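Spelled out, the chains give:
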Amino acid sequence: MKDQPDPDTAPRISDEIRKTTCYMCACRCGIDVHLKDGVPVYIDGNRDHPVNRGVLCAKGAAGLKQVLSPARLRAPLRRTGPRGSGEFEEISWDEALDLAVSWLKPLRETAPEKFAFFTGRDQSQSFTGWWAQMYGTPNYAAHGGFCSVNMAAAGIYTLGGSFWEFGAPDWDHARLLLLFGVAEDHDSNPLKLGLGRLKARGAKVVGINPVRSGYNAIADDWLGITPGTDGLLVLALVHELLRAGRIDLEFLARFTNAPVILDCDPKSPDYGLALRDEEGRAQVVDRRTGRLAPWDGEGVEPQLTGQIRRAGLSHRSVMHHIADRYMDPAYAPEKVAERCGLAPGQIRRLAADLARAAFDDPVVLDQPWTDFRGHRHATMVGRPVAVHAMRGISAHSNGFQTCRAIHLLQSLLGAVETPGSMRFKPPYPKPASAHPRPAFRSRPGQPLEGPHLGFPQGPEDLALHPDGSAARIDRAFTWENPLSAHGLMHMVIANAAEGDPYRLDTLMLYMANMAWNSAMNTQGTIDMLTAQDEDGGYVIPHIICADAYSSEMVAYADLVLPDTTYLERHDCISLLDRPISDPDAAADAIRWPVIAPDRDVRPFQSVLLDLGARLGLPGMVDAEGQPTYADYADYIQMHERRPGIGPLAGFRLGDKGLQDGRGLPNAAQIDSYIAAGGFHEMPVPPEAAYFKPWNRAWADWAVDKGLAEAPGFDLVQLWCEPLRRFQRAAEGHGPHQPPDSLRGRIRTTFDPLPVWYPPLSDAFEDPAEFPVHAITQRPMAMYHSWGGQNAWLRQIHGQNPLYLPTLWWNRLNLAPGDWVRVISSHAEITVPAEHMAALNPDTVWTWNAIGKRKGAWALDPAAPEATRGFLLNHLIPERLSGAGGWSNSDPVTGQAAWFDLRVRLEKSAPPDQAQPTFPPLRSPVPPP
Amino acid sequence: MTTLPPLPQKKLGLVIDLDTCVGCHACVIACKGWNTQSQPSPLSDQDPYGADPTGTFLNRVHGFEVQPPEGPAQLVHFPRSCLHCDDAPCVTVCPTGASWKRAEDGIVLVNEADCIGCGLCAWACPYGAREMDMAEGVMKKCTLCVDRIDNPHLPEEDRLPACVRTCPSQARHFGDLNDPDSAVSLLVAERGGVDLMPEQGTAPVNKYLPPRPRDAAPDDVDVLAPYLDVVAEEPRGLLGWIDRTLARI
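Residues numbered from 1 in each chain as written. Chains lettered and ligands numbered in written order. Predicted model: local features only at pLDDT ≥ 70, side-chain atom pairs only at ≥ 80, totals over all residues.

A few points about the overall build of chain B
Then comes step 1: Each helix and strand counted, chain B has seven helices and eleven strands in total.
Then comes step 2: In chain B, buried positions account for 42% of the 249 residues.
Then comes step 3: Taking as baseline every contact in chain B between residues at least 6 positions apart, the subset at least 24 positions apart corresponds to 59%. (Helix = DSSP H or I, 4+ residues; strand = E, 2+ residues; numbered from the N terminus. Buried ≥ 20, exposed ≤ 12 C-beta atoms within 10 Å, placed from the backbone. Contact = placed C-beta atoms within 7 Å.)

See the structure below:
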């Protein structure tokens, strides 16, 4: 039709595209920032990027609104009113840094442990940790203690790698995917891409989650499990598979420690540990000879059911103990189903589905490879059962052992690092034994002797002073939480306020909203931050907060160091900490300033280097006391952690030009990354792509690329000896002894085989009085508190009702628009209620971090986030009541157990707003 | 009143897979982001940091619970945008001719210069797919990214709607639904794609792929997929079975 309008279908929306890395969650997707006349106008996904392949989530696409947010801080702030009032004055950077130096310099020279540095959404942990190490405080960690340390620690102690974030399903070959406790986050876009691929080829997805939202909504089968019982379900599956003999005997014999012979002499100091030879090598029975041989001996063929007799005692392989434990009828589906909120038939059916997917049609890749014993395999045979697990497992006080149980299940199926199963992302695998032990001995004026966070192998590695007191403020690596490999950020403020183990002088927080949604017991935490001693001074005398936005935490700082946004800074997403690798490539990435900040803010990492130079920290000043690095970009390019190894692995200098992995620093490295689209990949050779923990080709490649200094192998630790060493100590053996009050708990929870026990708080909170489980999920379109200020995203998630299952909705006789009181043993809240049928019948839930305090984040005090939005955090105590002040954490790892929460519900008359309410903060930034 | 053109040779539209959509809202924001800077006026937001933030979105995602007679409840994520109907009532109802359907490919568009913001089209659309922009006073709607799909300034691989390009679970597909051999038509045929509310008689071009069947009943034992047979009831039996089995390997 000639008379139709002729709209402009060819607009030029930008004159330049700059490729950098997103920072809206922990995915670290590649983004194309479209600029017009130097102004960013549109963001979409980088098609070449290994993480997101061009796609981008709602958060990433709304990134411009983070840059334009009225909540952005404008200049350094010094507190002028009482803490928590929000009264500040803007000061210069020199004043701010002088003030910080005036606190930190004398501390370093006298008592460096009185300075604590903890980070939240930090994506530069290898740098911030190094900085704290050079300062010399033992008190550094990131936020893993309340995020996912159970997954990381269980994975690394068992497999040498973990689900999140160093593992991924084999999306190309999996035919059955089990998702345990995976909410809508972590590892967001790769998971969605993978689910789409599985769906496209008709693979089956099974969701195991109390809440059927997000990924669970598209699961073919959904098991609406009761929170905290996943471990019991998994061990019932183990029971069923063992009874049916549907286990991968060759995998177990070759690649796990199931054939390792244990010392079965109850009188031996090593009772329950592996028999070892003079060189300390764990022993197996070699099928070829029937005699003991080292587990990694050339050509050894371990006998799965091996045993030997010595001095009238039978020493049996781990497999015997596995059979003894899990064949027990206590693990039968009929026995566990009710507790799990499932039907026995659902468990039997899942066991059968797993067995069929794993064994009836294995994936066979025509790719020869050689294992660490020199055995040449003609093909790669895999079990197409993939598993992914996350927060729903992690945030329970039985999460470590539950995650271990999942790894046992995977191992029985031969579904670890085999085609079709779970694969590791370089630099993993890296077994716990290859990680450092925690360093904690601080000396005035000296750096710490090593990195803070590590993997204890036994009681001798705990961070304890000779008198048995905790070296760290968060009591990490003590008998309370021996394997707290990520620290316990959630206990820092509580411990410092109580002066136990000691008082702090200065607490520095980076990107962590500890005065609100990142704390358990939010009201109590606020009280601790403002608590005063008898002299009228604050119990925590100095608080430094670095953030880009006016968060609730900013109001409780004495000094605020305003950060840039992610489009205005350099970063490296480094193989030294949390890279962007996928199983087929080691990969790292950068951020770079695609725009300049329009205000007096500075990238925090550059500020830290400046501060470090002013303090004269080793590595940050040269012999003349001049700064070693001009800024963070200079550090990224020129810093060497070991000779030839730096923050970025690509485009290093070699004899013949640029090279990967190892090489001299390159002052033009960031330019090369920018030209390459912001990232760099080192593809894993095909022979090294699977069976990595046991594959000589992988080990050689990892050394060649600088991921390791020597080839290393380890078996899957189905029987976990570090756990047994702590358990043995609790039985009264050895020079390092736990306090008597913890012996029973350690004996139970440090079982060297995966074990299920009820969430610890169940012992103190009567399940009859508090019959309902209460959990949170993170929405896919929102991440922590950051998203709440985003003009587009808050139109999607501007408030968060409490979702009640049909059983409780009807029992309370609720109607749309009603409110409920939610009561825990610790506190109560009153919140809007909504019905949701696709729920475990005894579980309520809400979106996390939507609720805001009035005056924070530059939102109108009448914003729904501040009037109807709420936090479950108020209900969760940071210590278990009646338990000697133990933290509300996993007893193995110290993971905050915020999913253990139990409540009771009552219908409430609608209040004028969600309860409790807090006095409004005075905003340090002007209203929009 | 405005007349529709003769049925086009090409019918561009979306195929949205409800089996795969996880409800992440990526398409919602990608659409907002693209159209905010590509159209003559941005998709406005009212009170964006206030008590009642609202704004114009050309694509929204809703969640609906489904309770089958047997088995657990299900949650279906449902993206909603203009379906570019063959018999688009929003076009024929338009008093100024601002609403129009492009003859060459059937895309339904609004000529903002002629739109008087009367809202009749929004009343006529049974899908609620049009949104009045409160800042501009004109009707906004999905254009199928008409300013992307033919835009020579974009790389060829990017000439598709922003929502399709960004969809992380690949639940959104774009193509010619009048061509029986197009990828989208084949997908619709294979998966039993359906019209939304066909009783409305609008003949929508967009198609939805229904969720696959979910949640076999726990005790519904398939003869082809029975429970597992037992080889051993107690530990010693299992260890003996292992030895016998390994001896055969």
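What to know about the overall build of chain A
Then comes step 1: The helix and strand inventory of chain A stands at 24 helices and 35 strands.
Then comes step 2: Over its C-alpha atoms, taken along the principal directions, chain A stretches across nearly 85 × 80 × 75 Å.
Then comes step 3: Across the 928 residues of chain A, 64% fall into the buried class.
Then comes step 4: Contacts in chain A between residues far apart in sequence, at least 24 positions, make up 69% of those at least 6 positions apart.

A look at the interface of chain B and chain A
How large an interface is tends to be reported as the accessible area lost when its parts come together.
Then comes step 1: At the interface, 73 residues of chain B touch 79 residues of chain A.
Then comes step 2: Listing elements by their share of the side of chain B that touches chain A, those giving two or more residues are α1 (26-38), β3 (54-55), β5 (74-80), α4 (146-149), α5 (162-166) and α7 (235-248) of chain B.
Then comes step 3: At nine residues, the largest contribution of residues to the side of chain B that touches chain A is made by α1 of chain B.
Then comes step 4: Its residues placed into classes, the side of chain B that touches chain A shows 38 nonpolar, 19 polar and 16 charged. (Nonpolar A, V, L, I, M, F, W, Y, C, P; charged D, E, K, R; others polar.)

Considerations on the packing of helix α3 (residues 93-110) of chain A against helix α17 (residues 604-615) of chain A
All names here are of chain A.
Then comes step 1: Look at α3 against α17: their axes get within 10 Å of each other, and the N-to-C directions meet at 50 degrees. Accordingly, the angle class assigned to the pair α3 and α17 is oblique. For the pair α3 and α17, the crossing hand works out as right-handed. Mapping the contact onto sequence places L97, A100, V101, L104, K105 and R108 in α3 and D610, L611, R614 and L615 in α17. (Axes fitted to C-alpha atoms, helices over the stretch in contact; angles between N-to-C directions. Parallel < 35°, antiparallel > 145°, perpendicular 65-115°, else oblique. Left-handed = near helix turned anticlockwise from the far one by under 90°.)

Comments concerning the domain arrangement of chain A
All names here are of chain A.
Then comes step 1: Each assigned domain of chain A is listed with its residue range as follows: domain 1 (17-65 + 568-687), domain 2 (77-147 + 435-567), domain 3 (163-254 + 328-369 + 380-424), domain 4 (259-316) and domain 5 (765-879 + 897-908).
Then comes step 2: Here the C-alpha centre of domain 3 lies 35 Å away from the C-alpha centre of domain 1.
Then comes step 3: In this assembly, 14 residues from domain 1 lie in contact with 13 residues from domain 3.
Then comes step 4: For the side of domain 1 that touches domain 3, the per-class residue count stands at nine nonpolar, one polar and four charged. (Domains from an automatic or database assignment.)

Overview of helix α11 (residues 333-340) of chain A
Residues and elements named next belong to chain A.
Then comes step 1: Listed as buried for α11 are P333, V336, A337 and C340. In an axial view of α11, the angular spread of the buried residues amounts to 115 degrees, which keeps them on one side of the axis.
Then comes step 2: The positive-phi residue at the C-terminal boundary of α11 is G341, with phi of around 75 degrees. (Arc of directions from axis to C-beta.)

Concerning the sheet that holds strand β3 (residues 39-45) of chain A
Residue and element names in this part refer to chain A.
Then comes step 1: Taken together, three strands build an open sheet; the order of strands is β1-β2-β3 and the sheet is antiparallel. The sheet terminates laterally at β1 (16-21) and β3, the two strands that pair on one side only. In this sheet, neighbouring strand axes are inclined to one another by 30 degrees on average, regardless of whether the strands run parallel or antiparallel. (Pairing = 2+ DSSP bridges.)

With respect to the sheet that holds strand β10 (residues 172-176) of chain B
Across a sheet, paired strands are connected by hydrogen bonds in the backbone, their directions being either parallel or antiparallel.
Residues and elements named next belong to chain B.
Then comes step 1: Pairing is mixed in the open sheet, where three strands are placed in the order β10-β1-β11. On the outer flanks of this sheet lie β10 and β11 (207-209), each paired with one strand and no other. Each neighbouring strand pair of the sheet contributes to a mean axis angle of 25 degrees, computed without reference to strand direction.
Then comes step 2: Pairing analysis gives five bridges linking strand β1 (residues 12-17) to β10, with the strands arranged antiparallel. Residue pairing across strands places L14 opposite F174, the latter belonging to β10.
Then comes step 3: The sheet contacts of helix α6 (residues 183-191) involve β1, β10 and β11, and relative to β10 the element is tilted by about 120 degrees.

Thoughts on the nonpolar core
Then comes step 1: Counting 369 residues, the largest nonpolar core has A58 and L237 of chain A as its most contacted members.
Then comes step 2: Element by element, the count of residues in this core is highest for helix α8 (residues 230-243) of chain A, at nine residues.
Then comes step 3: With residues up to four places along the chain from it excluded, the contact list for A58 of chain A reads M780, A781 and L793 of chain A together with C24, H25, A26, V28 and I29 of chain B. (Core = buried A, V, L, I, M, F, W, Y, C linked by C-beta atoms within 7 Å.)

Focus: the environment of L104 of chain A
Residues and elements named next belong to chain A.
Then comes step 1: Looking at where L104 falls in the secondary structure, it is placed in helix α3.
Then comes step 2: Taking the C-alpha atoms as reference, L104 lies 44 Å from P227; in sequence the two are 123 residues apart.
Then comes step 3: The contact partners of L104, leaving out residues within four places of it in the chain, are F115, T506 and L615.

Some words on the packing of helix α5 (residues 149-158) of chain A against helix α14 (residues 399-412) of chain A
Residues and elements named next belong to chain A.
Then comes step 1: Contact geometry for α5 and α14: axes closest at 8 Å, N-to-C directions at 45 degrees. Judged on the interaxial angle alone, α14 and α5 are oblique. In the crossing of α5 with α14, the sense of the turn from one axis to the other is right-handed. Contacts between α5 and α14 involve N150, M151, A153, A154, G155 and T158 on the former and, on the latter, G399, F400, C403, R404 and H407.
Then comes step 2: Of the residues assigned to the contact of α5 with α14, the class counts are five nonpolar, five polar and one charged.

Here's the deal with the pairing of strand β29 (residues 679-683) of chain A
Residue and element names in this part refer to chain A.
Then comes step 1: Among the five residues in β29, four count as buried, and that is most of the element.
Then comes step 2: Pairing geometry for strand β26 (residues 585-591) and β29, over five bridges, is antiparallel. By the bridge assignment, A585 is partnered in β29 with P683.

Examining the UniProt feature "domain: 4Fe-4S Mo/W bis-MGD-type" (unreviewed entry) in chain A
Then comes step 1: UniProt tags residues 15-71 of chain A as "domain: 4Fe-4S Mo/W bis-MGD-type" (unreviewed entry).
Then comes step 2: The distance separating the terminal C-alpha atoms of residues 15-71 of chain A is 29 Å; by composition the span is 16% helix and 35% strand. (UniProt positions renumbered as here; feature names shortened; annotations may be inferred.)

Some remarks on the environment of R743 of chain A
Residues and elements named next belong to chain A.
Then comes step 1: In this structure, R743 sits in helix α22 (residues 740-749).
Then comes step 2: The partly exposed category is assigned to R743, around which 17 C-beta atoms lie within 10 Å.
Then comes step 3: In this structure, the C-alpha to C-alpha distance between R743 and Q727, residues 16 residues apart in sequence, is 8.3 Å.
Then comes step 4: In contact with R743, other than residues within four places in its own chain, are A730 and P738.

Section: unusual backbone geometry
All names here are of chain A.
Then comes step 1: Omega for the peptide link from W164 to E165 comes to 5 degrees, which places this bond in the cis form.
Then comes step 2: D500 connects to P501 through a cis peptide bond whose omega is 15 degrees.
Then comes step 3: Along the polypeptide, P501 turns up in the loop between α15 (492-498) and β22 (506-510).
Then comes step 4: Within the chain, D37 stands out as a residue other than glycine whose phi angle is a positive 50 degrees.
Then comes step 5: Relative to the elements of secondary structure, D37 occurs in the loop between β2 (30-36) and β3.
Then comes step 6: Given 8 C-beta atoms within 10 Å, D37 falls into the exposed group.
Then comes step 7: One non-glycine residue, N813, lies in the positive phi region at around 55 degrees.
Then comes step 8: In this fold, N813 is placed in the loop between α23 (806-811) and β32 (819-823).

Some thoughts on the environment of G341 of chain A
Residues and elements named next belong to chain A.
Then comes step 1: Mapped onto the secondary structure, G341 falls in the loop between α11 and α12 (344-360).
Then comes step 2: Considered as a pair, G341 and W171 are 170 residues apart in the sequence and their alpha carbons are 30 Å apart.
Then comes step 3: Among residues more than four places away in sequence, those in contact with G341 are G224, I225, T226, N840, P841 and D842.

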